[in-house]
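Inside the fold
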Amino acid sequence: MYGNKVKTVALNWYKWLPLNWEKQILPNKSNGLSADGKFDAAFELTNCTAVGFDLDASPFGEDKYDYTFDNDLKWKDVFDGYIFYEPYYNFTGKIGFPTRLNNKQAKEFIRRMIINNQALGNKKDARLLKWFGWIRKYTEKNEYCNMREFKCISIYPNHIEWKSAMDKWIISNEQEQ
């Protein structure tokens, strides 16, 4: 419908999936760096200079698109461009809102938690939320106004392996020179 009028651009990020999915839904997949750290290594070698580029005209576009789900795609098949703005180890996550949830929002939040638990097969948690959701609603109303920040890599115990994957490419590059 839109032809060449629409473009998709990827931001530098790591392969992400909710931590509980690693064991429950996609046991053969895990969080990690895109292209086994190759992209991040290239940016590390340029002192992490922010850059954007067309994937079709780049060697990065030829790499296998190795995100969460199995596929036979290359990066250029999925995205038109790529933006690197900051290394993964500097990403900061934020939780919370600058205001409290009202009753209607908190009730909807609990309803969605029940649906999520049912979808993941957590029948016991879903049942507990149905019975005691009013307690959780009160907790969430207070918790979500508690804004906080954290280093994204701090929640991934295997983030040290990510650095090793990136370093592998850096060492390979140094040996070629």
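This report concerns the structure included in the present document. (Residues numbered from 1 in each chain as written. Predicted model: local features only at pLDDT ≥ 70, side-chain atom pairs only at ≥ 80, totals over all residues. Heavy atoms only, no water.)

1. A word on the pattern of salt bridges
Short version of the rule: A carboxyl oxygen of Asp or Glu within 4 Å of a side-chain nitrogen of Lys or Arg is what we treat as a salt bridge. Note on conventions: DSSP H or I runs of at least 4 residues are helices, E runs of at least 2 residues are strands, and numbering of each starts at the N terminus. Buried, partly exposed and exposed residues are distinguished by accessible area as a fraction of the type maximum, computed with a 1.4 Å probe on protein chains only: under 20%, between the cut-offs, and over 50%, respectively.
Evaluation of the coordinates by the stated rule reveals nine salt bridges. Across the salt bridge formed by glutamate 62 and lysine 74, the nearest N and O atoms sit 3.0 Å from each other. Of the two residues, glutamate 62 sits in the loop between strand E2 (51-54) and helix H3 (75-78) while lysine 74 sits in the loop between E2 and H3, which places them twelve residues apart along the sequence. We classify lysine 74 as partly exposed; its relative accessible area is 33%. The residue arginine 111 makes a salt bridge to glutamate 108 at a minimum N-O spacing of 2.7 Å.

2. A look at the packing of helix H2 (residues 38-45) against helix H6 (residues 159-176)
Condition: Helix axes are fitted only over the stretch in contact, all axes being lines through C-alpha atoms; the angle between N-to-C directions runs from 0 to 180 degrees. Throughout this description, any angle smaller than 35 degrees is read as roughly parallel, any larger than 145 degrees as roughly antiparallel, any in the 65 to 115 degree range as roughly perpendicular, and the remainder as oblique. Take the far helix as your reference; a near helix turned counterclockwise from it by less than a right angle gives a left-handed crossing, and one turned clockwise gives a right-handed crossing. Residue contacts are counted whenever heavy atoms from the two residues lie within 4.5 Å of one another.
Running from N to C, H2 and H6 cross one another at 55°; their axes reach a closest spacing of 8 Å. Relative to H6, H2 is oriented oblique. Between H2 and H6 lies a crossing of right-handed hand. Each of Lys38, Asp40, Ala41, Glu44 and Leu45 in H2 lies in contact with H6, whose residues at this interface are Met166, Trp169, Ile170 and Asn173.

3. Concerning the layout of surface pockets
The cut-off we apply is this: Grid spacing is 1 Å over the protein atoms alone, the probe is 1.4 Å, and a cavity is where that probe fits but cannot get out, while a pocket is an open set with protein on both sides within 12 Å along at least five of seven lines and lining residues have an atom within 4 Å of a point. Grid points are joined across faces, edges and corners, and a volume is the space filled by probe spheres set on the points.
By volume, the largest pocket amounts to about 250 Å³. Lining the largest pocket we find Lys38, Ala41, Ala42, Leu45, Pro59, Phe60, Glu62, Asp63, Trp169, Ser172, Asn173 and Glu176.

4. Focus on the sheet that holds strand E1 (residues 9-11)
Just so we agree on the cut-off: The rule for pairing is simple: two strands pair if DSSP sees at least two bridges between them.
The strand order E1-E3-E2 describes an open sheet built from three strands, whose pairing is mixed. For this open sheet the edge positions go to E1 and E2, each flanked by a neighbour on one side alone. Here the average twist between neighbouring strands, direction ignored, is 20°. The pairing of E1 with strand E3 (residues 81-84) spans three bridges and is parallel. Counted as the bridge partner of alanine 10 is tyrosine 82 from E3.

5. A closer look at the packing of aromatic side chains
Quick note on the threshold: Side-chain rings of Phe, Tyr and Trp, where Trp is taken by its six-membered ring, are said to pair if the distance between their centres is within 6.5 Å; with planes under 30 degrees apart they count as stacked, over 60 as edge-to-face, and otherwise as tilted.
One pass over the full model with this rule turns up 17 aromatic pairs. For the pair tyrosine 88 and tyrosine 89, a centre-to-centre distance of 5.3 Å together with 80° between the ring planes defines the contact as edge-to-face. The exposure class assigned to tyrosine 88 is buried, which follows from its relative accessible area of 3%. The class for tyrosine 89 is partly exposed, based on a relative accessible area of 26%. In textbook terms, an aromatic cluster arises when at least three aromatic residues are bridged by ring pairs, as seen for Phe39, Phe43, Phe53, Phe60, Tyr65, Trp75, Phe79, Tyr82 and Phe84.

6. Details of the pairing of E3
Pairing of E2 with E3 involves four bridges; the strand directions are antiparallel. Across the sheet, glycine 52 pairs through a bridge with isoleucine 83, a residue of E3.

7. Here we look at the nonpolar core
This is how the line gets drawn: Side-chain atoms within 4.5 Å are what join buried Ala, Val, Leu, Ile, Met, Phe, Trp, Tyr and Cys residues into a set we call a nonpolar core.
Ala10, Ala35, Phe39, Phe43, Cys48, Leu55, Phe60, Tyr65, Trp75, Phe79, Tyr82 and Phe84 form the largest nonpolar core, which has twelve residues in total. Breaking this core down by element, the ones donating at least two residues are H2 and E3. Alanine 35 has contacts with Asp63, Asp66 and Trp169, leaving out every residue within four places of it along the chain. Core analysis: the second largest hydrophobic core is formed by eleven residues, Phe91, Ile153, Tyr156 and Met166 among them.

8. Some details on the environment of glycine 61
Relative to the helices and strands, glycine 61 resides in the loop between E2 and H3. Given the relative accessible area of 0%, glycine 61 is considered buried. Taking the C-alpha atoms as reference, glycine 61 lies 8.7 Å from glycine 81; in sequence the two are 20 residues apart.

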